[in-house]
Amino acid sequence: MSLSAGQIQKISKEISSKVEGKTLFDDFSRGRYSTDASVYQIKPIGVVLPKDTNDVLNLMEYSQKNSIPLLARGGGSSQCGQTVGESIVLDYSRHQNKILEVNLEEKYVWVEPGVVLDHLNAQLKPHGLWFPVDVSTSSRATIGGMSANNSCGSRSLYYGNMVHNVLAIETILDDGSISTFDHIDKNFLSTKNDQDKLYKIINKFFDVRKNVSSELNEHWPTTQRRVGGYNIDLIDPNGFNSSHLLVGSEGTLSLFNKIKLKLSELPKNKILGVCYFDNFHQAMEISQEIVKLKPTCVELMDRNLLNLAKDIPMYAEGIKKYIKGNPAAVLMVEFIDTDQNVYEKKINDLEYIVLNQNNKNQFKYYSDLNEQKEVFDIRKAGLNILMSMKGDRKPVAFIEDCAVSLEHLADYTASLNEIFKKYGTSGMFYAHASVGTLHVRPVLNMKSDNDIKNMKSISEEAFAIVKNYKGSHSGEHGDGIVRSEFHKMMFGEKITKAFEEIKDTFDNKNLLNPGKIVRPLTSNDRSLMRYKSGYQAEKINTHYDWSDWGQLSDAVEMCNNNGACRNLDSGVMCPSYRVTKEEKDLVRGRANTLRLALSNQLPEGSFVSKDMFETMELCVSCKACQRECPMSVDMAKMKSEFLSHYYNKFRMRIKDKVISEMPKMIWLLKIIAPIFNKVKNLPIISTIIEQFGFTTKREMPEVQSQDILKKIYTEQLISEKKLILFADTFNINFENQNLIYAIKVLNKLGFQTIIPSYDKDNLDRPLCCGRTYISYGQLDKAANELNRFNDYIIKNNYYNLPVVGIEPSCLLTFSDEYQKLKDVKNREKIKNKFYLLEEFILEHIENDNNIKVNKFDQNVLIHGHCHQKSQDRMKGLKNLLSKLKINNKMIESSCCGMAGSFGYDSKHYEISKKMANLSLIPAVNNSDEKDFIIANGTSCRHQISDLSDKKGKHVSELLFKIFETVN
C-alpha cells in the first residue's frame, strides 16, 4: 500500500485524537523510523509513542477498522528488517518501560515490553538475581523486542534462549481482547468456549502440530539455536507453555502488553579462559572438545575483527591489554560454579586442551571480574566493530545467523570461505562457537546491483549447506525480511503452510507486521533497501576535511543503526536522549536525518532547513559519540558543519551572535552582565530577555579585572624552562584565579609561564581556540582564531615550548578540530605538545622523585569534562591524584547539561537542568561536606554552582593547596 500525503495527514489527525501518546507523521520522523540495523529502509505511515495499554487498544481498534498495519518496535536494533515496514510504528521504549512486579521467592518478574535489559538487571542485582539472556545489545534491547525475536545471548549454552526463560505473555489480540498465554494442560479446550479467540488459537496449535509431525522430523533443525518461523515443535497436546508460540513471532501474531520472565541467581564465582589460536580451522574443531567441559559460553573473535578493533579508540586499549600477538582466532571460555575447586580444574583442563593441540597456541585466564568484563566488552561490540570498516564495502548481515552442530562447525566455516572466494569476497567470523552459531558477514557493497545479486546467491548456497547439516538458517537474530523468504527452502512447503495457518488464526487481516515470517517480502528487492537503485548523496562544500571517509555523506553513512547511542547507564552519549528519550535526539536519529537529506530522500532543501535545525538543536556537542560510538560517528563536527550552512541562509539569534563572538565581544559582556543580573527578574524585562534567547533563571558570569593576574604574571619566577600557558577566553575573563593557581604551581616546579596576550608583543586580545565559533558553525572564524595561534608560535619561534591549558574544551580543540579544519594554515609547522595542566604536572613529577607536596586529606570527587572523556584524557587527572596519594573517585555522570552556552538558552534551560539531575547533581548533593569536587570545565562548574549547594573547583586550586608552602 502506498498512501498519499493527504491520506497520511488524515490518518495522523484521526490517530492523534484517539491516543494520549505522541504521534509523529512528519517526513523527518517517518524517515528516522524507516531503518533498523539491517540493510532495509521502508518509510512507515507514521509513528506513535503509546503512553499506556489504552492507547494500544485504541490503535488496534483503528487498525482493524481501517485496514492500517501496525508494527511494534523497541530499541530498533533488529538485524534482519523486523522493525521496518509501511505500517504505523508503535515505539514502546518511550513510555511502556516499567517493571511491574518482582517475586523474589518464586524468582519471576512481570515487565512492560519497553523495559531495557540492562535496566532490568540493574534493579535485580541487589537481590542476587538477573535475567540471563545476555544479548550484546543489552544496553538498549527491550524485553518486548527480545521476546519477539527469541533472542539468545552469549550464555544460551547454559541458560537457554528467550523461549526457555519466558513464563507468560499478556497480549492484545486483533479483536481487541487481552489474553494471557502461559502454561496450558491437556484439558484446556474443554474449559473454554469454542467461540473464544484464545480457544480458536490453541485449537489451531494442536491441529497444526498433528498435521506436520512427520515433516518436523524431516525438516526441523536439530540445533539448540533455531528461531526461524514459529515454534510449532514446542506444541504438546499433553500440556505446554502457549507463550512459547509467541516468542520469536516478531510481532506478526499479536501485540505484547506484559511479559513474565524467569529469573536466575547471579553467578557467585566466574572465571574466564582466553584461548589464542594460530589456526582458525583448529579453533573451530576444538570447540566441540571445549563444550564437554560444560562452560557457560564459548565466544569467538577472528583476526579480522581484532584488527578492526585496534583502530577504534574505545577498544584499542583493551586489545593491547588482552590480545596476545596476532592470533587467527580467539575463544573466550567462561565457567561458573559455586565450588572454586571445580571451575579451577575446568580452567586447567581447558589450558591443556588448547596448548596440547598446537604449540603455537597460547592461553591465559582471568579471575578478576572487572578484567573479565573488559574482555567481554570487546566481544559484545563485535557487530559494531565489524561495521567500523570505512567505505561502501561492509560486512553485511544475511547469513550471519546460521547454526550447525559443533561436529560440523569447522567444515561449515571452510565451505563458507570457499563460497566467499567464488563471489570475490571474504567473510568475518565472531560470536557463539559454543552453540555452532557464528556470526558470519561477507563483505559486500550494498550500493552495487551486482553485490545485491551476490547476496541472494550466497544465501542460497550457504543455506543449502546448513540444511544438509540439519542446522538452522535463523539461529538468533530472527527472520525479518532477510530470511523469511527462505522458509520454504529450509522447512518444506507443508511446514511453511502451517506457519501461514497460525498467522491467519491470530491475524486474519494480515495487519500485524506484514511481510515477515509468512508471505514474505523479497530479501534482495532493492526498493526495500537503505541504498535504493540510483542512490546518490549530494556532495557539498565543507569546512572540515572528511576525506578519511570520502566525503561528509560517507561519514554520516557510517551509522549502522545498531543503537549504541541509546545507552542510558554508562558513558556519556547521548545526553539529550537521556532526558527526552526520543529518536530525534539520538546520534542515530540525527545521522539518519542527515543521510536522508543529503541523498534527497526528504523534501527539497531539507539539509538546510528549520526541521534539520530542530533535529540538531539538542546535540550539546559533548563529542561522546566520537569515542563511544564504535563507528566514531562524530555528530559534534557534523552539527557544526551543518550550522555553517544553516547560518548562511538563516539569521542567527542575538544571544547566539553574542556568545559565538565572545572572544571579540568581551567588552560588551563586561557592560551587559552586571546590568543583566540586576534587572533580569523584573517582569517585563525578564520577558524581553527570554525572547532574546537568554534564560533569566541563571546569573550571567561577570568579566573580572585582570590586574591581580597581570601582577602575579609579571612577578613570577624567571627561568630557562618556559611554557605557554594557554589563557583561554573563559578563564582569563571570568575565573582568572584558576590561572593564578596554575602560574604559582608551575613556578613551584621551576617553569616560567608565557601568557601570549601578556607577552612581549602584547596581543590586542588573548589567543583563542575558536570554541565558541565552532559551537555555532562559524568555522571560517574558528580557523582564523587558530591561525592567530599558529602565527604567534611561528613569529616568536616558540615551536619547542609545551602548551599547557586549563580549560579542556579549549586545549583539546588542538587535538581535534584544529587537525581537521581545512582553512587552518601552517599546521604542519606546529610541533608543540599540548597538555592539560594535570597531564603536564604528572609527566614532570614522574621524572623527578625529589618533588615534595603537602598532604591532602580530603576525598576528591571528579566530574569529567565531556571532551576529556571523548579523547580518553581523564587518565592524566586520575593518575596524578593517585601519584599524589589523594583519595579520588569519578562521578558516573554524562554531560553536566550546561555544555558551553546551551544551559544559558531560554529554550534549553529545563533540559539542561534535567541532564544535570540525572546523576551529577544528586552525586554532588549527596557528597560529604569535606569532599573536594573537581570540575575542570568552566560550564561544569557553573552548572554545579547553579543547581547544587556546593561548588566545583578547578584542579589548579587543589594543586596550589598541596604545593603552596613547599620549599
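For the structure itself, consult the block above.
Each chain carries its own residue numbering, running from 1 in the direction its sequence is written. pLDDT decides what is reported in this predicted model: residues at 70 or higher carry local features, side-chain atom pairs at 80 or more are listed and counted, and totals for whole chains, interfaces and linings draw on all residues regardless. Excluding hydrogens and water, the side-chain figures rest on all heavy atoms present in the structure.

Trainee: Whenever I open this one, the nonpolar core confuses me. Can you help?
Mentor: Nonpolar side chains in soluble globular proteins tend to end up buried together. Counting 139 residues, the largest nonpolar core has V633, M635, L725, L958 and L959 as its most contacted members. Working rule for contacts: check all heavy atoms of both residues, and any pair within 4.5 Å makes them a contact. Dropping the residues within four chain positions of it, L725 is found in contact with L739, A742, I743, L746, T753, I754, I755, P756, V804 and I806. Nonpolar cores were defined as sets of buried Ala, Val, Leu, Ile, Met, Phe, Trp, Tyr and Cys residues, with membership established by side-chain atoms within 4.5 Å. Using a 1.4 Å probe on the protein chains alone, a residue whose accessible area is under 20% of its type maximum counts as buried, one over 50% counts as exposed, and one in between counts as partly exposed. Y412, F420, I465 and Y535 belong to the second largest nonpolar core, which has 113 residues in total.

Trainee: Help me understand unusual backbone geometry, please; the structure alone is not making it clear to me.
Mentor: Across the chain, the bulk of peptide bonds are trans and the bulk of non-glycine residues have phi less than zero. In this structure, the amide linkage connecting M573 to the following residue, C574, adopts the cis form with an omega of -5°. One non-glycine residue, S67, lies in the positive phi region at around 55°. In this model, N510 sits at a positive phi of 55°, which is unusual for a non-glycine residue. In DSSP terms, a helix is any run of H or I states spanning at least four residues, a strand is any run of E spanning at least two, and both are numbered starting from the N terminus. Summarising the element assignment, N510 is placed in the loop between α19 (493-506) and α20 (552-556).

Trainee: Sorry if this is basic, but what is going on with helix α11 (residues 313-322) here?
Mentor: Think of an α-helix as turning once every 3.6 residues; residues three or four places apart then point the same way. Within α11, the full set of buried residues consists of Y315, G318, I319 and Y322. Seen end-on, α11 carries its buried residues on one side only, within an arc spanning 105°. The reported arc concerns the directions from the helix axis to the C-beta atoms and nothing else.

Trainee: In this structure, what is going on with the sheet that holds strand β12 (residues 255-262)? I would like to understand it.
Mentor: At least two bridges found by DSSP between two strands is the condition for calling them paired. Pairing is antiparallel across the open sheet formed by five strands, whose spatial order is β5-β6-β12-β8-β9. Whereas interior strands pair on both sides, the edge strands pair on one side only; in this sheet they are β5 (99-103) and β9 (178-181). The average undirected angle you get between the axes of adjacent strands in this sheet is 15°. Pairing of strand β8 (residues 166-172) with β12 involves six bridges; the strand directions are antiparallel. Axes here mean lines fitted to C-alpha atoms, for a helix over just the part in contact, with angles spanning 0 to 180 degrees between N-to-C directions.

Trainee: Sorry, what's going on with the sheet that holds strand β26 (residues 888-890) here?
Mentor: One key point about sheets: their strands pair by backbone hydrogen bonds, in either a parallel or an antiparallel sense. Spatial ordering of the open sheet is given by β26-β25-β27, a layout of three strands whose pairing is parallel. The sheet terminates laterally at β26 and β27 (932-935), the two strands that pair on one side only. Taken over all neighbouring pairs, the strand axes of this sheet differ in orientation by 25° on average, direction set aside. Bridge analysis of strand β25 (residues 860-863) against β26 gives three bridges, and the strand direction is parallel. Along β26, the bridge assignment pairs I862 with M890. Packing against the sheet, helix α38 (residues 875-883) makes contact with β25, β26 and β27, and its axis sits at approximately 160° to β26. Relative to β27, helix α42 (residues 955-963) is tilted by about 130°, and along the sheet it contacts β25 and β27.

Trainee: When you look at the side chain of Q706 in this model, what are you seeing that I'm missing?
Mentor: By the element assignment, Q706 lies in the loop between α28 (683-692) and α29 (707-714). On the accessibility criterion, Q706 (18% relative accessible area) is buried. For this analysis, a polar contact is any N or O atom pair within 3.5 Å, provided that within protein one partner can donate a hydrogen and the other can accept it, and provided that sequence-adjacent residues contribute only side-chain to side-chain pairs. A polar contact is formed between the side chain of Q706 and the side chain of Y758, at a distance of 2.5 Å. Non-local contacts of Q706, meaning those with residues more than four positions away in its chain, are made with I732, N733, N736 and Y758.

Trainee: Before we go on, may I ask you to explain the pattern of salt bridges in this structure?
Mentor: Where charged atoms of side chains with opposite charge meet at close range, the side chains can pair. Salt bridge criterion: a side-chain nitrogen from Lys or Arg within 4 Å of a carboxyl oxygen from Asp or Glu. Under the counting rule described, the total for this entry stands at 62 salt bridges. One salt bridge in this structure joins K268 and E265, with 3.6 Å as the shortest N-O distance. The closest approach of N and O atoms between D585 and K584, which form a salt bridge, is 3.0 Å. One exposure class covers both D585 and K584, and it is buried. Counted as one network, the salt bridges with shared partners bring together K623, D634, K637, R771, D816 and E817.

Trainee: It is not clear to me how the side chain of K680 should be interpreted in this structure. Could you clarify?
Mentor: With respect to the secondary-structure elements, K680 resides in the loop between α27 (666-679) and α28. Within the structure, K680 has its side chain in polar contact with the backbone oxygen of T696 (distance 2.9 Å). Residues contacting K680, with those up to four places away along its chain left out, are S686, I689, T696, R698 and E699.

Trainee: Hey, could you run me through the environment of H244 in this one?
Mentor: Among the structural elements, H244 can be located in the loop between β11 (239-241) and β12. Spatially, the C-alpha atom of H244 lies 8.2 Å from that of L167, the residues being 77 residues apart in sequence. Residue contacts for H244: discarding those within four places in its chain leaves V163, V166, N231 and L234. A polar contact of 3.0 Å, which involves the side chain of H244, links it to the backbone oxygen of V166.

Trainee: Can you help me understand helix α25 (residues 635-649) in this one?
Mentor: Compared with an ideal rise of 1.5 Å per residue, which puts 15 residues at 21 Å, α25 spans 21 Å between its outermost C-alpha atoms and is within 8% of the ideal. Burial analysis of α25 places 13 of its 15 residues in the buried class, the great majority of the element. In this scheme, a helix's expected span is set at 1.5 Å multiplied by one less than its residue total.

By themselves, these figures tell us nothing about what the structure is for.
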